[in-house]
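One-letter residues, chain by chain:
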Amino acid sequence: MIKFTKMHGLGNDYVYMDAIHQTIENESSLAQFVSDRHFGIGSDGLILICKSEVANFKMKMFNSDGSQAEMCGNGIRCVGKFVYDKGLTDKTTVTVETLAGIKTLILNVKEGKVQTVRVDMGEPILAPEKIPVRSLEEPVQNLKVKALDKEFTFTCVSMGNPHAITVVEDTKNFQVEKYGKIIEIASTFPNKTNVEFVEIEDEEHIKMRVWERGSGETLACGTGACATAVACHLNGLTKRHTNIELLRRNIRSRME
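For every chain, the first residue of the written sequence is number 1, and numbering continues from 1 onward in sequence order. At least 70 in pLDDT is required for a residue's local features to be given in this predicted model, at least 80 for side-chain atom pairs to be given and counted, and no such filter applies to totals for whole chains, interfaces and linings, which use all residues. Side-chain measures here rest on the full set of heavy atoms in the structure, leaving out hydrogens and waters.

### Observations regarding the packing of aromatic side chains
Part 1: Two aromatic rings, drawn from Phe, Tyr or Trp (for Trp, its six-membered ring), form a pair once their centres lie within 6.5 Å of each other, and the interplanar angle then sorts them: stacked below 30 degrees, edge-to-face above 60, tilted otherwise. For the coordinates displayed, the defined rule picks out 7 aromatic pairs.
Part 2: Measuring from centroid to centroid gives 6.5 Å for Tyr14 and Tyr16, while their planes differ by 80 degrees, and the two rings are edge-to-face.
Part 3: Geometrically, the ring pair formed by Phe152 and Phe197 is edge-to-face, given 6.1 Å between the ring centres and 65 degrees between the ring planes. In this pair, Phe152 is assigned in strand E10 (residues 150–158) and Phe197 in strand E12 (residues 194–202), connecting sequence segments 45 residues apart. As far as the burial class goes, Phe152 and Phe197 line up, both buried.
Part 4: Connected via pairs of aromatic rings, a cluster forms that spans Phe152, Phe154, Phe174, Tyr179 and Phe197. Helix numbers and strand numbers start at the N terminus; a helix is a DSSP run of H or I with at least 4 residues, a strand a run of E with at least 2. Whether a residue is buried, partly exposed or exposed follows from its accessible area with a 1.4 Å probe, protein chains only, as a fraction of its type maximum: under 20%, in between, or over 50%, in that order.

Structure below.
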């Protein structure tokens, strides 16, 4: 028997397992099984909380297709609530090792339970070879990728994982699945990519839908929201403080 907890951040839902006090095997296959929304638990993926030699905890994240990802902004916030509420730590500042480096979480605790979690996402990565993306441009702001009947212009950013951001006229009616699944695996992206389709309402308000690498369209993406804020400001479309409207709800992006 394996114990698990189902949690979500802004609708970005994962199955969480304590891999410190129980042994988890066949992680990739397990991620595929639990993520199935008809025959499994149903989620965007699997997140394991493990021991770390360099931080308080280590997060291992697997997408619903079983592939391992570097980082998840919403997922790591839920890790913060998991470790505190389940008594794995009594700290309100927690460090978590990820494939995208060590991230620091600030826990807002009320009456013994975590109410909110703030995570330092770190600086965005703009060098094409580190995103990675095949381009000679740095930063990558005019990358052309053709998918079926359309050609898109992307700005590429890494928040520890790759993102390609493009502006469209109407996110509500945009065919995210039709184009997202093709762009994700384009040869331009050596490690595949997350794809953000954004609509600029004004310089302080963005609408965003996301096609996540290895999971498909999700209700929210924390690293994607950060990458979108960076890309839109880089192109002079928005201010440094921006509201980003996702399918689930609004979030506030602030670049220091």
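### Thoughts on helix H1 (residues 27–35)
Part 1: If you check which residues of H1 are buried, you get Leu30, Ala31, Val34 and Ser35. All buried residues of H1 project into a common sector of 120 degrees when viewed along the axis, lining one side.
Part 2: Residue contacts follow a heavy-atom distance rule, with two residues in contact if any of their heavy atoms lie within 4.5 Å. Contacts made by the buried residues of H1 are with strand E2 (12–18), strand E3 (45–50) and strand E4 (57–63). By construction, the arc corresponds to the directions joining the helix axis to the C-beta atoms.

### Describing the side chain of Asn12
Part 1: Secondary-structure assignment places Asn12 in strand E2.
Part 2: In protein, a polar contact requires one atom able to donate a hydrogen and another able to accept it; more generally it is a pair of N or O atoms within 3.5 Å, and residues adjacent in sequence count only if both atoms are side-chain atoms. Side-chain polar atoms of Asn12 contact the side chain of Glu212, separated by 3.5 Å.
Part 3: Excluding its chain neighbours within four sequence positions, the residues that come into contact with Asn12 are Met7, Asp44, Cys72, Asn74, Glu212, Thr218, Ala220 and Cys221.

### Details of the state of the cysteines
Part 1: The rule for a disulfide is simple: a pair of cysteine sulfur atoms within 2.5 Å. If you walk through the whole model with that rule in mind, you get 0 disulfides.
Part 2: Here Cys50 is not disulfide-linked; the sulfur of Cys72 is the nearest cysteine sulfur, at 15 Å.
Part 3: No disulfide involves Cys226; its sulfur sits 8.8 Å from that of Cys221, the nearest cysteine.
Part 4: Residue Cys226 is classed as partly exposed on the basis of its relative accessible area, which comes to 23%.

### What to know about the side chain of Thr238
Part 1: Within the secondary structure layout, Thr238 lies in the loop between helix H4 (222–234) and strand E15 (241–245).
Part 2: Judged by its relative accessible area of 6%, Thr238 falls in the buried class.
Part 3: Not counting residues within four places of it along the chain, the set of residues in contact with Thr238 comprises Ile200, Asp202, Glu203, Ile206, Ala229, Cys232 and His233.

### A short note on the nonpolar core
Part 1: Residues belong to a common nonpolar core when they are buried Ala, Val, Leu, Ile, Met, Phe, Trp, Tyr or Cys residues joined through side-chain atoms within 4.5 Å. The biggest cluster of nonpolar side chains holds 43 residues, and the ones touching the most others in it are Tyr16 and Val79.
Part 2: Other than its neighbours up to four places away in sequence, Tyr16 contacts Phe4, Thr5, Met7, Ile47, Ile49, Asn74, Gly75, Cys78, Val79 and Phe82.
Part 3: Formed by 20 residues, the second largest nonpolar core is a distinct cluster that contains Leu143, Ala147, Ala186 and Trp211.

### So, the pairing of strand E9 (residues 143–147)
Part 1: Covered by surrounding structure in E9 are Leu143, Val145 and Ala147 only, the residues Lys144 and Lys146 on the alternate face being uncovered.
Part 2: Across 5 bridges, the pairing between E9 and E10 is antiparallel. Looking at the pairing, Lys144 lines up with Thr153 of E10.
Part 3: By this definition, two strands are paired if DSSP reports at least two bridges between them. Remark: 2 residues form the turn of the hairpin made by E9 and E10, two consecutive strands paired antiparallel; Leu148 in that turn has positive phi of roughly 55 degrees.

### Things to note about the pattern of salt bridges
Part 1: Every case where a carboxyl oxygen of Asp or Glu lies within 4 Å of a side-chain nitrogen of Lys or Arg is listed as a salt bridge. As enumerated under the stated definition, the model contains 10 salt bridges in all.
Part 2: Here Lys81 ties to Asp85 by a salt bridge, and the two come within 2.5 Å at their closest N and O atoms. With Lys81 and Asp85 both in helix H2 (residues 73–85) and 4 residues apart, this pair spans about one turn of that helix.
Part 3: Under the relative-accessibility criterion, Lys81 is labelled partly exposed at 29%.
Part 4: Looking at Asp85, the relative accessible area reads 22%, which means it is partly exposed.
Part 5: Notably, a salt bridge pairs Lys239 with Glu203, separated by 3.5 Å at the nearest N-O pair. On the criterion of sequence distance, the pair formed by Lys239 in the loop between H4 and E15 and Glu203 in the loop between E12 and strand E13 (205–212) is long-range, its members being 36 residues apart.
Part 6: A relative accessible area of 37% means that Lys239 is categorised as partly exposed.
Part 7: Owing to a relative accessible area of 43%, Glu203 belongs among the partly exposed residues under this scheme.
Part 8: The structure contains a network of salt bridges with shared partners spanning Lys6, Asp13, Arg37 and Asp44.

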